[in-house]
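# Fold and geometry: a report
Residues per chain, in single letters:
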Amino acid sequence: MNAKAEEPAPDPTAVVAIDGPSGAGKSTIAKAVAQQLGFQYLDTGAMYRAVTWHFLENRCSPDQLGTDRLAAEQTMRLGLASMELQLQVGGRVLVNGRDVTSHLRSQDVESRVSAVSALPFVRASMTQMQRAVAAAGPVVAEGRDMGSVVFPMARWKVYLTASAEERARRRKIDFDQRGRDVTYQQVLEEIVVRDRLDSTRQDAPLKQAHDAVLVDTTGLSTDAVVLCILQIVDRGGRPQRT
Ligand code: DC
């Protein structure tokens, strides 16, 4: 007889799904919430950025291919098949064993990631990987389609947003710290374009899941937003009655 107690199976609904547009503060907030809850943090934007970086390296990003769509897709599928993506616990991202974390926010990746993340076969592959991560244990997953497509059964769903101006202001500070030379106006324009591309694509567009709690972070501190999400988790995901 085996005296060892059986490990309980991981609960695939133990997911805090955090979606929202770029610059809403998802990464900072999701990381802090994951740390507080002792859940794994899953940055799905970094996954799409890593695919974009890999396509660029292999000269097969959509803008580097010809106009024959079938041939282009075949080339990109081969590119994706040649990619081994690893997400490390500390947040570092490895592609075929190489640490590419510092490249994921480059201008080259930034300007192409919307096009790459709109490709259905790329989304299907990332979705599969994201579900595998959640099947292994509880996660705080952030992205655009966590609550709506990847984890429709997530126990907690949050849609984080903020005004485009506030998001541009935050991004500009972030870029300044990274030494990227851009004006506020350029950042705002990038955000508006990205919002439009992310929310109008055919496959898994950015949208608030019908059962997600809307949290507008405009004017709120990080601590206040983290607390708000922890309260949502405590209450089982239901919005607070006023
Ligand atoms: O969150 P981020 O800025 O790192 O995301 C980068 C891009 O990836 C952005 O254009 C939207 C896309 N994305 C997506 O389509 N689906 C996700 N789950 C996460 C990100």
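See the structure above.
What you see is a predicted model, and the numbers here were worked out from it, not measured in a lab.

## With respect to the overall build of the protein
Secondary structure summary: the protein contains nine helices and eight strands in total. Overall size of the protein, expressed as C-alpha extent along the three principal axes, is 55 × 55 × 30 Å. Among the 242 residues that make up the protein, the fraction classed as buried is 46%. Counted over contacts in the protein with a minimum sequence separation of 6, partners at least 24 positions apart contribute 74%. Summed over all atoms, the accessible surface of the protein reaches about 12,900 Å², with 52% contributed by carbon and sulfur.

## Let's talk about the sheet that holds strand 4 (residues 93-95)
The three strands lie next to each other as 3-4-5, forming an open sheet whose pairing is antiparallel. Whereas interior strands pair on both sides, the edge strands pair on one side only; in this sheet they are strand 3 (85-87) and strand 5 (98-99). With two bridges joining them, strand 4 and strand 5 adopt antiparallel strand pairing. Along strand 5, the bridge assignment pairs L94 with D99. Where helix 2 (residues 44-57) meets the sheet, it contacts strand 3, strand 4 and strand 5, and its direction lies at approximately 30° from that of strand 4.

## Looking at helix 5 (residues 120-136)
The terminal C-alpha atoms of helix 5 lie 25 Å apart, and with 17 residues this matches the ideal 24 Å at 1.5 Å per residue to within 8%. Of the positions making up helix 5, those classed as buried are F121, V122, R123, M126, T127, Q130, V133 and A134.

## A word on the nonpolar core
One finds F55 and V122 to be the most contacted residues of the largest nonpolar core, which totals 37 residues. Contributions of two or more residues to this core are made by strand 1 (15-19), helix 2, helix 3 (69-81), strand 4, helix 4 (107-117), helix 5, strand 6 (139-143) and helix 6 (146-150). Setting aside anything within four residues of it in sequence, one finds V122 in contact with Y48, V51, F55, L80 and V116. Counting 20 residues, the second-largest nonpolar core is a separate cluster that includes V16, I29, Y41 and L230.

## A few points about the environment of L70
The residue L70 is located in helix 3 in this model. Relative accessible area serves as the criterion here: at 70%, L70 is assigned to the exposed category.

## Observations concerning the sheet that holds strand 7 (residues 156-161)
Either a parallel or an antiparallel arrangement is found when strands of a sheet pair, and the pairing is made through backbone hydrogen bonds. Read across the open sheet, the five strands follow the order 2-6-1-7-8; overall the sheet is parallel. The open sheet has two edge strands with one neighbour each: strand 2 (40-43) and strand 8 (213-216). Taking the axes of each pair of neighbouring strands and ignoring which way they run, one obtains an average angle of 20° across the sheet. Where strand 1 and strand 6 come together, five bridges link them in parallel fashion. Within the sheet, the bridge partner assigned to V15 lies in strand 6 and is V139.

Rules used throughout
Residues numbered from 1 in each chain as written. Predicted model: local features only at pLDDT ≥ 70, side-chain atom pairs only at ≥ 80, totals over all residues. Heavy atoms only, no water. Helix = DSSP H or I, 4+ residues; strand = E, 2+ residues; numbered from the N terminus. Buried < 20%, exposed > 50% of the residue type's maximum accessible area, 1.4 Å probe, protein only. Contact = heavy atoms within 4.5 Å. Areas by Shrake-Rupley, 256 points an atom, 1.4 Å probe, with all protein chains shown as cover. Pairing = 2+ DSSP bridges. Axes fitted to C-alpha atoms, helices over the stretch in contact; angles between N-to-C directions. Expected span 1.5 Å × (residues − 1). Core = buried A, V, L, I, M, F, W, Y, C linked by side-chain atoms within 4.5 Å.

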